[in-house]
Amino acid sequence: MLQKREKVLLLRTFHGRTLRIVREHYLRPSVPCNSPLCPQPATCRNDGKLLSGDVTHYMVPDWKVVQDYLEILEFPELKGIVFMQTACQAVQHQRGRRQYNKLRTLLKDARHDCVLFANEFQQSCYLARERGESMEKWQSRSIYNAAAWYYHHCQDRMPIVMVTEDEEAIQQYGSETEGVFVISFKNYLDNFWPDLKAARELCESILQSRRERENESQESHGKEYPEHVPLEVLEAGIKSGRYVQGTLNVNKHRAQIEAFVRLQGASSKDSDLVSDVLIHGMKARNRSIHGDVVVVELLPESEWKGRATALGEDDGDGKALGESPSEPMPTGRVVGILQKNWRDYVVTFPSIEEVQSQGKNAQKILVTPWDYRIPKIRISTQQAEALQDFRVVVRIDSWESTSMYPNGHFVRVLGRIGDLEGEIATILVENNISVVPFSEAQMCEMPVNTPENPWKVNSQEEREREDLRKTHLVFSIDPSGCEDVDDALSVRALDNGNLELGVHIADVTYFVAPHSYVDIEARTRATTYYLADRRYDMLPAILSADVCSLLGGVDRYAVSVMWELDKTSCEIKKVWYGRTIIRSAYKLFYEAAQDLLDGNFSIVKDIPEFKDLDEKSRQAKLEELVWAIRKLTDIARHIRAKRDRCGALELEGVEVRIQLDEKKNIHDLIPKQPLEVHETVAECMILANHWVAKKIWESFPHQALLRRHPPPHQEFFSELRECAKAKGFFIDTRSNKALANSLDNANDPNDPIVNKLLRSMATQAMSNALYFSTGSCAEEEFHHYGLALDKYTHFTSPIRRYSDIIVHRLLMAAISKDKKMEIKEDLFSNKDLEELCRHINNRNRAAQHSQKQSTELFQCMYFKDKDPETEERCISDGVIYSIRTNGVLVFIPRFGIKGAAYLRNKDGLVVSCGPDGHSEWKPGSLQRFQNKITSTTTEGESVTFHLFDHVTVRISVQTSRCHSDTIRLEIISNKPHMTPDTELFQQSSLLLKSDLVKEVTRSVEEAQLAQEVAVNITEDCQKYCQTKGRSLYTLLEEIRDLALLDVSNSYSI
């Protein structure tokens, strides 16, 4: 029976008054204890995760330990942890959403032996706060009382150790209950886990950081920064319009000087501001860190500044706004921080010459983050000299107004600087990607498919699903070597003369139940992460590459969308959605499908499904397949034409495959032109996504997951318009259709690279496509700008995208609703779905950034060991695509590289080109114009560089201990680089990513062999790397279809 209590909350209003709020609080005689020792599991309803049965004790951390040592509690070696609800709520209220979400993720993770006990809802555990009792004392008393109850509930069979940092609690409760021990966290690690060195070192690092902070607070320092305004004043100021709020975005090229705040929430709607707010200098940033949600006070207009337009370090990407150097923009200063979005940071220790000891027992060291946007962090450690050559993870603890730098603590070592695995681990940490092997509990949920016990279609599913195995010719078209086949296609003529088009998608949701361990893990990962040399799968391989993959010649479950089309106009007459059973007849590669489409039937000998057929059967099946491919292509042309009329954009680049000889030199460049079958398959997938979006929105208008692509800000197009104007083209950006037509017309017959660069600039100007819940947006905001569709979602790749899994469940629920059947699917509310969409969008950005950073890593490794003075490959043709005050931005078509080329160096010398075109540095000056820049020496020599000029560029690598290496470009001639392959370079433009990776990986492996060093991948690396293969080289086959595009990855449709 429930018992009713009253919970009193004292809240402070904007005006400083104290408000007393009374809430009803209901207590239950039993709540889930999640212990295998529970004497009454049915009464406790222990249907979730249970604690392990092979532990010697249960550990109960108090609220302070959970707050300060959560990263140690995340160690999988620590087992039998019972988190009390009181401690979890303290984290939520005092440490913010990020820390609380980490705790929630830990509790859900099947790999960690920990549970939540809702002590504040259990009748015997709940304690009311006494009059005059501090919140901290009440929390410790509640947690101890719950720990003692838990011990007795388990019939005194399992000792309980409560760990706390409160000395008074240790004295008071240490000997109160036999079987319940109360000790400090440090003593707990020393006595119970003496061999867990990493945990004890991390604990000491956190304690040392705390001692340093306490010592600093006792010393009298002058203020380095103004104090932050109290929270209630900030909220009142935002409401009144005095302040604005937004997310701090530091310019990585000028991290010490420039940061911007993008307005959000009420600020963006109520303010008259139409641009970001500039935060100039570290003082104005006032201890806020990139990613924090800050509150800004605008400065008087007379103090506004303009953004810099000179090239900075590591320049060459990012969106350029159309503001001239002298045009001031709204400028402000940070007065408070609403949410600190601190994370793990990869840092490098200073060299031995820079390390200075401060005290006998500790050293205060300023470490430099790998990310330029993060300030130096001061940590206390005795390992500074030993860790000089390593990438290290640290966390920030605080940033006091008396300190120039934030204080933090050492967490763990990643790997040596420059080592491939260490640099990859750095990229993962910096993008908050934590991908560990799937746990035993998760794998136990998976189907079995072995030669001894092959997976078979279930007889009940045969009755409930539409069986297409004998009625439809189903086949897939994928990149060569693809094993995770998400989709298959079918087309046939109906008896009434019309056509039927079918898109069949792997039925992942049949195998992944909502809230199962695998589902929770897939939701956390949100996507498959593709790096340059490996991938991290969202789902276990038994699903992604086996029982869910629509392989040829085997029975598979699918979710299908089938349309009846008019035989001539291809207009859609009706549509059917449902679960099916299919057997794909052919697993075709793109090249083979294109050959069949073009009538080149010699490819048949390479298609395995034709090999064992007699001539007559082969000819009949070949005619059937060719008819299907040609009919699919015809349908796709009609669909594409309809979208083109609405303004669909084409912003993709072209690939080049690099052929390497035995000595690993580039032997030949083979243009890889886009195939029409690429577009055929893409159009069918877009059609399915569009119709599924319409279906789930009609059935669930307030809780459907769709994907929108907002129109870009017009100011982002200014550079595109100016560049096109330099070549005599006019780019109309008023609508997607006008933009598409303008780009199609902006062709220079003498230089195809021009159109490519213009499309790349258009891509840079695009907003990101985003997932959203339909209940959080007005219908007019659903539109997808790039695809010119009113509604769109992702349905066709559930093996590698969690968004598609949600859409599949929504579609199944919509079908059940149409049939007036019970909806079995557990659907998200609008609020929960919107939170999930934010998480997926965040993970997609992380996936894009990590892929880009890993590609740049391999680019640098490719050029690093080559002498730029003598190596032929280090000299290449480049095209100028942007003019800055001290240099130009250059695109290298041969390698798909963009970067800055300075025309004035650090010594103040400028580039001068002689009659033969070769350049040298001389004293002089630069003069920048709209579409050109002129370098004039003191001797009167001058050279002018125009937009879209072809120049000869030397490529080298600028190494860095603390940051990632970067490509360095130097103009060595104002004339194009002429080689026998120049025309070939101009026809197409890119180095295929997989070939570049092969080159680098082969070099790494051969260097290891030359030194007679065995390839010894550490256990951590083996855990991280989920793709099959003994070496990096063998992993490349899995991603060889991924090319390094010359366009930004942010335009993700």
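Values in this document were obtained by computation on a predicted structure and should not be read as measured data.

### Quick notes on the overall build of the chain
When helices and strands are counted, the chain shows 28 helices and 39 strands. For the chain, the proportion of its 1053 residues judged to be buried stands at 54%. Long-range contacts, defined here as pairs at least 24 residues apart, represent 69% of the contacts in the chain between residues at least 6 apart. If you sum the accessible surface of the chain, you get close to 48,200 Å²; carbon and sulfur atoms cover 48% of it.

### Digging into the pairing of strand β31 (residues 875–883)
Counting buried residues along β31, nine of its nine residues qualify, which places the element largely inside the surrounding structure. Here β31 pairs with strand β38 (residues 950–958) via five bridges, running antiparallel. Bridging across to β38, Gly878 finds its partner in Val951. When β31 meets strand β32 (residues 887–892), the two strands line up antiparallel, connected through four bridges.

### Thoughts on the packing of helix α17 (residues 590–598) against helix α18 (residues 615–646)
As a packed pair, α17 and α18 sit with axes 9 Å apart at the nearest point and diverge in direction by 95 degrees. As judged from the angle between their axes, α17 and α18 are roughly perpendicular. Contacts from Ala593, Leu596 and Leu597 of α17 reach α18 at Leu622, Leu625, Val626, Ile629, Arg630 and Thr633.

### Overview of the nonpolar core
By size, the foremost hydrophobic cluster in this structure holds 97 residues, and its most contacted members are Phe475, Trp563, Leu588, Leu596, Phe795 and Leu811. Ranked by size, the runner-up nonpolar core spans 81 residues in total, among them Val60, Val91, Ile160 and Leu207.

### As for the sheet that holds strand β35 (residues 919–928)
As summarised here, the arrangement of the four strands in space is β34-β35-β36-β37, forming an open sheet in which the pairing is antiparallel. The sheet terminates laterally at β34 (909–913) and β37 (942–946), the two strands that pair on one side only. On average, each strand axis in the sheet is tilted by 45 degrees relative to the strand beside it, whichever way the strands run. In the sheet, strand β36 (residues 932–937) pairs with β37 via five bridges, with the strands oriented antiparallel. Of the residues in β37, the one forming a bridge with Lys932 is His946.

### Structural notes on the pattern of salt bridges
What the rule picks out here adds up to 53 salt bridges. For the salt bridge of Glu564 with Lys574, the shortest nitrogen-to-oxygen distance reads 3.9 Å. Taken together, the positions of Glu564 in strand β24 (residues 555–565) and Lys574 in strand β25 (residues 572–583) put the pair ten residues apart, joining distant regions of the chain. The partner of Arg873 in a salt bridge is Glu871, and the shortest N-O contact between them spans 3.4 Å. For Arg873, a relative accessible area of 8% translates into the label buried. Look at Glu871 and you get partly exposed, because its relative accessible area is 23%.

### Some thoughts on the sheet that holds strand β11 (residues 293–298)
Spatially, five strands are ordered β8-β9-β10-β12-β11 in a closed barrel, and the strand pairing comes out mixed. In this sheet, neighbouring strand axes are inclined to one another by 50 degrees on average, regardless of whether the strands run parallel or antiparallel. Relative to strand β12 (residues 331–339), strand β10 (residues 277–280) runs parallel, the two being bridged by two bridges. Bridge pairing links Leu278 to Thr331 in β12. Sheet strands touched by helix α9 (residues 231–240): β8 (243–250), β11 and β12. Its angle to β12, the strand with the most contacts, is close to 125 degrees.

### Considering the packing of aromatic side chains
For the coordinates displayed, the defined rule picks out 19 aromatic pairs. Here Phe117 and Tyr150 contribute two aromatic rings whose centre-to-centre distance is 5.4 Å and whose plane-to-plane angle is 80 degrees, an arrangement assigned as edge-to-face. Of this pair, Phe117 sits in strand β5 (residues 114–117) while Tyr150 is found in helix α5 (residues 135–153), placing the two residues 33 residues apart along the sequence. In terms of burial, Phe117 and Tyr150 fall into one category: buried. Aromatic pair Phe511 and Tyr557: ring centres 6.2 Å apart, planes at 25 degrees, arrangement stacked. You can see Phe511 sitting in the loop between β21 (499–506) and α15 (517–525) and its partner Tyr557 sitting in strand β24, a full 46 residues away along the chain. Here the two residues Phe511 and Tyr557 agree in accessibility, since each one is buried. Three or more aromatic residues joined by ring pairs make a cluster, and in this case those are Tyr58, Phe117, Trp149 and Tyr150.

### A closer look at the side chain of Asn689
Looking at the element boundaries, Asn689 is found in helix α19 (residues 676–699). If we ignore the near neighbours within four places in the chain, the residues touching Asn689 are Tyr792, Thr793, His794, Phe795 and Thr796.

### Observations concerning the pairing of β35
Pairing between β34 and β35: five bridges, direction antiparallel. If you follow Leu909 over to β35, its bridge partner there is Pro923.

### Section: the environment of Ala558
By secondary structure assignment, the location of Ala558 is in strand β24. In sequence terms Ala558 and Arg583 are 25 residues apart; their C-alpha atoms lie 9.7 Å from each other. Apart from residues no more than four positions distant in its own chain, Ala558 is found in contact with Arg465, His504, Ile505, Asp507, Gly578, Arg579, Thr580 and Ile582.

### Considering helix α21 (residues 736–745)
By the burial criterion, the buried members of α21 are Asn736, Ala738, Leu739, Ala740, Ser742 and Leu743. Structurally, α21 contributes buried residues whose contacts are with α18, α20 (718–726) and α22 (753–765). Capping of α21 at its N-terminal end is provided by Ser735; its side-chain oxygen lies 3.1 Å from the backbone amide nitrogen of Ala738.

### Focus: the packing of α20 against α22
Direction vectors running N to C along α20 and α22 enclose 165 degrees, while the axes themselves pass 9 Å from each other. Classified by the angle their axes make, α20 and α22 are roughly antiparallel. Between α20 and α22 lies a crossing of left-handed hand. Contacts from Glu719, Leu720, Cys723 and Ala724 of α20 reach α22 at Leu758, Met761 and Ala762.

Criteria and cut-off values
Going along each chain's sequence as written, the residues are numbered from 1 onward. The predicted origin of the model limits local features to residues at a pLDDT of at least 70 and limits the giving and counting of side-chain atom pairs to 80 or more, whereas totals for whole chains, interfaces and linings rest on all residues. Hydrogen atoms and water are omitted, and side-chain values are computed over all heavy atoms in the structure. Strands are runs of DSSP state E lasting at least 2 residues, helices are runs of H or I lasting at least 4, and numbering of each runs from the N terminus. The buried label goes to any residue with under 20% of its type's maximum accessible area, the exposed label to any with over 50%, and the partly exposed label to all in between, with areas taken from a 1.4 Å probe on protein chains only. A contact between two residues is defined here by any heavy atoms of the two lying within 4.5 Å. Per-residue accessibility takes into account occlusion by the displayed protein chains alone, with areas from the Shrake-Rupley method and a 1.4 Å probe. For two strands to count as paired, DSSP must find a minimum of two bridges between them. Axis angles are defined between N-to-C directions and span 0 to 180 degrees, where every axis is a line fitted to C-alpha atoms and, for a helix, only to the segment in contact. Roughly parallel means an angle under 35 degrees; roughly antiparallel, over 145; roughly perpendicular, 65 to 115; everything else is oblique. Here the nonpolar core consists of buried residues drawn from Ala, Val, Leu, Ile, Met, Phe, Trp, Tyr and Cys, with membership extended through side-chain atoms lying within 4.5 Å. Counted as salt bridges are all cases of a side-chain nitrogen of Lys or Arg within 4 Å of a carboxyl oxygen of Asp or Glu. The pairing test for Phe, Tyr and Trp rings, Trp by its six-membered ring, is centres within 6.5 Å, and the orientation test on the planes gives stacked under 30 degrees, edge-to-face over 60, and tilted for anything in between. Any pair of nitrogen or oxygen atoms within 3.5 Å is treated as a polar contact; in protein, a donor-acceptor pairing is required on top of that, and neighbouring residues in sequence qualify only through side-chain atoms on both sides. The sense of a crossing depends on the near helix, which, turned anticlockwise from the far helix by less than a right angle, makes the crossing left-handed and, turned clockwise, makes it right-handed.

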